[in-house]
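Below, each chain spelled out in residue letters.
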Amino acid sequence: MEAQSQIKRTLSQPQALARVRALQATVAPAHRTALADRVCVEFGFIDGRGRGQRAGCLKALRALEREGALTLPAPCTAPGPRQARRLEAPVAPPQAVPAKLAELVGLELVVVENAAQRALWNELMVREHPRGLGPLVGCQLRYLIGSAHGWLGAIGLGAAALQLAPRDHWIGWDGTQRGEQLHRIVGLTRFLLRPGVHCRYLASHVLGRLLRRLGGDFEARYGYRPWLVETFVETARHTGVSLRAANWQYIGDTAGRGRQDRAHAGAESAKAIYVYGLEADWRQRLGVGPAPSAGEAALAPGDGLDDAHWAEQEFGGAPLGDQRRSQRLVVSARLQSEQPMRGFTGVAEADWPAVKGYYRLIDQPADSEVTPDHILAPHRERTRQRMAAQTTVLCIADGTDVNFTTHAQTAGLGVIGRNQTGAQSRGLHLHSTLAVSGEGLPLGVLRARFEAPRPRDRQAAVAAEDKKSFRWIESLRDCAALAKTLPDTRVIHVADREADCYDLLAEQLRTPEVDLIVRAKSNRRLPDAQGRLFDGVRETKPRTTLAVEITRRSPRAKTSKRPACAGRTQRSATLTLRYRQVKLARHRHNNPHVPATLAVTIVHAVEDAPPPGEAPVEWFVLTTLAVDTPAQAEQVLHYYSLRWRIEDWHRVLKSGCRIDELGHHSTERLERAIAMRLVIAWRVMLMTLLGREVPDLPPELLFSDPELRVLGDVARSKGRRPPSKLGEAVIGTAILGGYLNRNHDPPPGHQLMWQGYTILAAMAKAYLLRDEFGQ
């Protein structure tokens, strides 16, 4: 069925109505069904299997009778209330479902084909799905999710939404095209994993299985294949992380209307719309022209980041004043990423043209167009595209010092600290903004500013633009400018205690496109005799409790480059949660041009019963987000907890890319070399987290064919199966770096990943050399 039959539209034409009346007069069918069958033959209303479209024709004939255009035979039976076929008892809960997907036995998708299976599917939906049974409409497929442990859930697919403005705009079709081709889109309307099933990654794995077989199952039943799948996510209940990371694309939100909302009441809640292409060339098949331009298309977090293409995607076309410089940047970044811990001369392995090209790029004059901003410009645009695919993005801002005290010949370094004897530490301060999805996947580096701090007179007046707090204001303004280009993405600026200043909170009033989450540092006095900030929220009644996992932290002695750090045991902690709205007042040291008072919400979380000898966990978080319920307060704390992603990124930069060991004769050259490594560190971090969060994605997403060959051969040599999924490839890479992969080991961290990837890249290169020059 190449084009969908427009039955109602066709029969509404005057000539068609005359033909239907003539059929009634000459044939005089005994009942409506017989008339519908004759109309299907007369007008060629045939489905993909060559059968008449009886149901659609009956529906159109009844509609025409209601409009007074036809008079149909009296119905033979009076329709009564529909009763869904169900079981006599609830479906038995599954037994001993493991927490790990690899330990699940006998997982299968079962197509619902008989009455007993339909009754089972109905029972699951009626009792356990938040939206109940349905009904599904149009061409339908139902699946049961089975296993040796019992029934784990169910899936239902039906017709796509008749009209959906964000989808129709994104596809780019007109009303006629939509009417003819809407049957090529199928709607994922029900997806149930039973409440007692807590198996990590099961949802994304089942979705992957479904998409791989959906086209064939649909064609077997209806005679044609769908080209797109659409689904809706109720964001108050679900985040959609498995969909986005698996390359489902977010394209907007519904208007809150159901399929039958002809009165435009908007009684449904607005939902996020996601689509997935079952066929790579679905646009050409639909006849809607090429895909949107690269500058406007949204990207999933892992798109284009395989070894062969990532450097071109993230650095290609950088505005460096000469196309050859941009090409050098791409080549240099690709080589450096293979061995991020080594200097470039070691990475190039006697490739003199590559070494010469790298240093020509880095050693440009101070006033050249080779600046950190220009180096990062393509990556920033790609980051914006990845942000466009998200419903919520956290722009996490923070600073870190890069110590170059031992580099006596480097000109232009600033003073980043002093030790007990008064000796100065020399280096650069890096203040950056990292974009992270609402689930914690790093999307890219938005901004990086380098400073060489100079000692200042504490008694001298300091302009607002020269204060440290202005770094955060600049970051917020930059996020606000970016947010204006992302109308379908909520942008939230997140910062630690160093950013707790009244001027930043006041700046948010000027940039309402971005909300703000900042950890409070000061127990400041509140206006109108309201007492102190921390004391007031501690005295409010508890709203809820929150269970969190506190990670272990080893004690660290002070070194020349790092301060001492107290240790902490790993534990499960229960935090008591409180929140209240407060009014803050401007201090005499603040900018006099900002409002005298402003309103924010403070969220307080405290561990009431820490283990003996452990300091309690306690957070005070200020936010401009609406916090009216405990669930909203928990969401604020979740977003703030993701601030540690930027700390992890800093650690990858310093320990994995070793930016504090770079040796260049000027700060301008250091900044260019570091800018390139900012993106390399981000990619290492994303590889680690994608392997944890969406392990069922194809490994080709991030690994090249030679790298997968290496991982496969290493796995076979150890008696393991070669990696067929991204998570398995990430584990294999971490094993090369020293990960033991025992049953109770936590997922591998960034350090093991960069160590393993260095070894993997070297082995892949050896494979290529062997293929080229023989054994």
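Rules and cut-offs
- Residues numbered from 1 in each chain as written.
- Predicted model: local features only at pLDDT ≥ 70, side-chain atom pairs only at ≥ 80, totals over all residues.
- Heavy atoms only, no water.
- Helix = DSSP H or I, 4+ residues; strand = E, 2+ residues; numbered from the N terminus.
- Buried < 20%, exposed > 50% of the residue type's maximum accessible area, 1.4 Å probe, protein only.
- Contact = heavy atoms within 4.5 Å.
- Areas by Shrake-Rupley, 256 points an atom, 1.4 Å probe, with all protein chains shown as cover.
- Lys, Arg positive; Asp, Glu negative; His and termini not counted.
- Charge placed at Lys NZ, Arg CZ, Asp CG, Glu CD.
- Salt bridge = Lys/Arg side-chain N within 4 Å of Asp/Glu carboxyl O.
- Phe/Tyr/Trp six-rings, centres within 6.5 Å; stacked < 30°, edge-to-face > 60°.
- Lys NZ or Arg CZ within 6 Å of the ring centre and 35° of its normal.
- Pairing = 2+ DSSP bridges.
- Axes fitted to C-alpha atoms, helices over the stretch in contact; angles between N-to-C directions.
- Parallel < 35°, antiparallel > 145°, perpendicular 65-115°, else oblique.
- Left-handed = near helix turned anticlockwise from the far one by under 90°.
- Nonpolar A, V, L, I, M, F, W, Y, C, P; charged D, E, K, R; others polar.
- Polar contact = N/O pair within 3.5 Å; in protein donor to acceptor, adjacent residues only side chain to side chain.
- Core = buried A, V, L, I, M, F, W, Y, C linked by side-chain atoms within 4.5 Å.
- Disulfide = S-S within 2.5 Å.
- Expected span 1.5 Å × (residues − 1).

A. The overall build of the protein chain, seen in detail. Counting secondary structure elements, the protein chain contains 24 helices and 17 strands. Considering only C-alpha atoms, the protein chain reaches an extent of 110 × 80 × 55 Å along its principal axes. Taking all 775 residues of the protein chain together, 49% fall into the buried category. Long-range pairs, those at least 24 residues apart, make up 69% of the contacts in the protein chain with a sequence separation of at least 6. A total accessible area of about 36,900 Å² is found for the protein chain, and carbon and sulfur atoms account for 50% of it. In the protein chain, which carries 105 positive and 82 negative side-chain charges, the distance between the mean positions of the two groups comes to 3 Å.

B. Quick look at the pattern of salt bridges. Enumeration over the complete set of coordinates arrives at 34 salt bridges. With a closest N to O distance of 3.9 Å, Arg334 and Glu338 form a salt bridge. Of this pair, Arg334 and Glu338 both sit in helix H12 (residues 323-338), separated by 4 residues, roughly a single helical turn. With a relative accessible area of 10%, Glu338 lands in the buried category. Taking the shortest distance from any N to any O, the salt bridge between Arg721 and Glu728 comes out at 2.8 Å. Connected via shared salt-bridge partners are Arg167, Asp168, Arg178 and Glu230.

C. Spatial organisation of the packing of aromatic side chains. Summed over all chains, the structure comprises 10 aromatic pairs. A ring pair is formed by Trp619 and Tyr640, whose centres lie 5.4 Å apart and whose planes are at 75°; its orientation type is edge-to-face. With Trp619 in strand E17 (residues 618-623) and Tyr640 in helix H19 (residues 630-641), this residue pair connects regions lying 21 residues apart in the sequence. What makes Trp619 buried here is its relative accessible area of 16%. Grouping aromatic residues by their ring pairs yields a cluster made of Phe218, Tyr222 and Tyr224. Between Arg19 and the ring centre of Phe43, over which it is positioned, the NZ or CZ distance is 4.1 Å. Across the ring face of Trp121, the terminal group of Arg142 is positioned such that the distance to the ring centre comes to 4.8 Å.

D. Here's a closer look at the sheet that holds strand E3 (residues 153-159). One open sheet holds the 7 strands; their spatial order is E1-E2-E3-E4-E5-E7-E6, and the pairing between them is mixed. Unpaired on one side and paired on the other, strand E1 (108-111) and strand E6 (249-253) mark the two borders of the sheet. Here the strands of the sheet are splayed against their neighbours by 30° on average, with no regard to which way each runs.

E. Broad picture of the packing of helix H21 (residues 667-693) against helix H23 (residues 726-736). Contact pair H21 / H23: the axes reach a minimum separation of 8 Å and the direction vectors enclose 125°. It follows from the interaxial angle that H21 and H23 lie oblique. Considering the relative orientation of H21 and H23, their crossing is left-handed. Between H21 and H23, the residues in contact are Met687, Thr688, Leu690 and Gly691 and Leu726, Gly727 and Val730, respectively. Of the residues assigned to the contact of H21 with H23, the class counts are 4 nonpolar, 3 polar and no charged.

F. Structural detail: the environment of Cys501. When you line up the elements, Cys501 lands in the loop between strand E12 (490-495) and helix H17 (502-510). Placed 260 residues apart in sequence, Cys501 and Ala761 show a C-alpha to C-alpha distance of 45 Å. If sequence neighbours within four positions are ignored, Cys501 has contacts with Ser469 and Arg524.

G. Seen up close, the side chain of Thr576. Of note, Thr576 is situated in strand E15 (residues 571-585). Given a relative accessible area of 8%, Thr576 falls into the buried group. In this structure the side chain of Thr576 is engaged in a polar contact, spanning 2.4 Å, whose partner is the side chain of Asp608. Thr576 has contacts with Pro542, Thr544, Thr545, His604, Ala605, Val606 and Asp608, leaving out every residue within four places of it along the chain.

H. Representation of the nonpolar core. Membership of the largest hydrophobic core comes to 101 residues, with the highest contact counts inside it found for Phe315, Ile517, Trp649 and Phe703. A per-element tally of this core places H21 first, with 16 residues. In this structure, Phe315 is in contact with Trp310, Leu329, Val330, Ala333, Ile375, Pro378, Met676 and Val679, ignoring residues within four places of it in sequence. With 40 residues, the next largest nonpolar core counts Ala397, Leu516, Leu598 and Phe620 among its residues.

I. Here's a closer look at the packing of helix H15 (residues 372-388) against H21. Orientation of H15 relative to H21, taken along the N-to-C sense of each, is 20°, at an axis distance of 8 Å. Our classification of the angle between H15 and H21 gives roughly parallel. Where H15 crosses over H21, the handedness of that crossing is left-handed. Residues Pro372, Ile375, Leu376, His379 and Arg386 of H15 pack against Glu671, Arg672, Ala675, Met676, Leu678, Val679 and Trp682 of H21. Across the contact of H15 with H21, the residue classes break down as 8 nonpolar, 1 polar and 3 charged.

J. Local environment of the state of the cysteines. Under the criterion given, the structure shown has 0 disulfides. The thiol sulfur of Cys479 is not disulfide-bonded, and the nearest other cysteine sulfur, from Cys395, lies at 3.6 Å. Of the residues examined, Cys479 reaches a relative accessible area of 1% and is grouped as buried.

K. Just helix H20 (residues 644-656), in detail. Counted at 1.5 Å a residue, the expected span for H20 with its 13 residues is 18 Å, and the 17 Å between its end C-alpha atoms agrees. Buried residues of H20: Arg645, Ile646, Trp649, His650, Val652, Leu653 and Gly656, and no others. Just downstream of H20 lies Arg658, where phi reads positive at about 50°.

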